[in-house]
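Listed below, chain by chain, are the residues.
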Amino acid sequence: ATYFEFVASKALVHGGLAIGTSVLVVLAINLSVLASLLFWTTILLATMGYFALGLLITSFAKNQTAPNLLSFTYLLAIGTLNLLSMRFEVFQLLSALTFERYGLVFTYLSLNSGGVGLEASLAVMRLPGFLIMAILCLGLFLVATAIGARRLSV
């Protein structure tokens, strides 16, 4: 299998599990949210961002334990960064460079607004924060696949 076939199979399985789990949680909270384009776009972008982080981490891992430790460390660091950004202005810029910050905001917005219509979803998706999240997730995915393919071929 080529690297891209490997990535596609992982994306289908792990991305499918992530999105499936999200749908089950939303079914328990508010069924009308599933009709929202904003919800689906946010979930797909966040899944892509986390998948890209996983690809990036495994590209540099030397053994099977390293990705677990690196992923755990990353999640702790992001949580700490977001917490510090609420209290200290200097951390707000660093937090603004992470897709997780925007993913949380837009997931919260889509869950609390219920099943927003197509026009409202498109209006929110034109906001700078949403566009930044999309650019960060897509850019991270492209960088991760390029680095992974390069490291595999070396």
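Located above this text is the structure these notes cover.
Every value quoted in this text rests on a predicted model; they were computed, and no experiment measured them.

A. Representation of a nonpolar patch on the surface. Taken together, Leu12, Val13 and Leu17 make up a surface patch of nonpolar side chains, about 330 Å² in accessible area. You can see Val13 is positioned in helix H1 (residues 3–29). Overall, Val13 belongs to the partly exposed group, its relative accessible area being 49%.

B. Representation of the side chain of Glu100 within the structure. With respect to the helices and strands, the residue Glu100 is situated in helix H5 (residues 99–112). In this structure, Glu100 is buried with no salt-bridge partner, the nearest side chain bearing the opposite charge being Arg101 at 9.9 Å. Not counting residues within four places of it along the chain, the set of residues in contact with Glu100 comprises Tyr50, Leu53, Tyr74 and Ile78.

C. Summary view of helix H2 (residues 37–60). Relative to the 34 Å expected for 24 residues at 1.5 Å per residue, H2 spans 35 Å between its end C-alpha atoms, a close match to the ideal helical length. Measuring from the backbone nitrogen of Leu38 back to the side-chain oxygen at the start of H2 gives 3.3 Å, which picks out Ser36 as the cap.

D. Region of interest: helix H6 (residues 118–125). Among all positions of H6, only Ser121, Val124 and Met125 are buried. Around the axis of H6, the buried residues are gathered within 100° of arc, so they sit on the same side. Against H2, H5 and helix H7 (128–153) lie the buried residues of H6.

E. Local environment of the packing of H1 against H2. H2 packs onto H1 with a crossing angle of 135° between their chain directions and a minimal axis gap of 10 Å. One finds that H1 runs oblique with respect to H2. Seen along the crossing, H1 lies across H2 with a hand that is right-handed. Facing H1, whose interface residues are Tyr3, Val7, Lys10, Ala11, Gly15, Ala18, Ile19, Ser22, Val23 and Val26, H2 presents Phe39, Trp40, Ile43, Leu44, Thr47, Phe51 and Leu55. Split by residue class, the contact of H1 with H2 holds 13 nonpolar, 3 polar and 1 charged.

F. The arrangement of the packing of H2 against H7 in detail. In the contact formed by H2 and H7, the axes pass within 8 Å of each other and the chain directions differ by 30°. Judged on the interaxial angle alone, H7 and H2 are roughly parallel. Crossing handedness for the pair H2 and H7: left-handed. Among the residues forming the contact of H2 with H7, the class breakdown is 19 nonpolar, 6 polar and 1 charged.

About the thresholds
Each chain carries its own residue numbering, running from 1 in the written order of its sequence. Residues qualify for local features only when their pLDDT is at least 70, as the model is predicted, and side-chain atom pairs are given and counted only at 80 or more; totals for whole chains, interfaces and linings, by contrast, use all residues. Side-chain descriptors were evaluated using all non-hydrogen atoms of the structure, hydrogens and water having been removed beforehand. Each patch is assembled from residues with relative accessible area greater than 30% and no salt bridge, linking like charges that lie within 9 Å and nonpolar side chains (Val, Leu, Ile, Met, Phe, Trp, Tyr) that lie within 5 Å. Values of accessible area rely on a 1.4 Å probe in the Shrake-Rupley scheme; residue burial ignores everything except the protein chains shown. For this document, the term salt bridge refers to a Lys or Arg side-chain nitrogen within 4 Å of an Asp or Glu carboxyl oxygen. Numbering of helices and strands runs from the N terminus, with a helix taken as a DSSP run of H or I at least four residues long and a strand as a DSSP run of E at least two residues long. Only protein chains enter the accessibility calculation, which uses a 1.4 Å probe. A residue is then buried if its area is under 20% of the maximum for its type, exposed if over 50%, and partly exposed in between. For the purpose of charge, His is not counted, nor are the chain termini; Lys and Arg are scored as positive and Asp and Glu as negative. Throughout, a residue-residue contact means that at least one pair of heavy atoms, one from each residue, lies within 4.5 Å. The span one expects for a helix is its residue count, reduced by one, times 1.5 Å. Under the rule applied, a polar contact is a pair of N or O atoms within 3.5 Å (in protein, one hydrogen donor and one hydrogen acceptor; residues adjacent in sequence only if both atoms are side-chain atoms). Taking the helix axis as origin, the arc is that swept by the directions to the C-beta atoms. Axes here refer to lines fitted to C-alpha atoms; in helices the fit is confined to the stretch in contact. Angles between the N-to-C directions go from 0 to 180 degrees. Roughly parallel refers to an angle under 35 degrees, roughly antiparallel to one over 145, roughly perpendicular to one between 65 and 115, and oblique to any angle outside these ranges. For a crossing to be left-handed, the near helix must be turned anticlockwise from the far one by less than a right angle; the clockwise case is right-handed. Residue classes follow a fixed rule: Ala, Val, Leu, Ile, Met, Phe, Trp, Tyr, Cys and Pro count as nonpolar, while Asp, Glu, Lys and Arg count as charged, and any other residue, Gly among them, counts as polar.

Without other data, these values stay purely geometric and don't point to any function.
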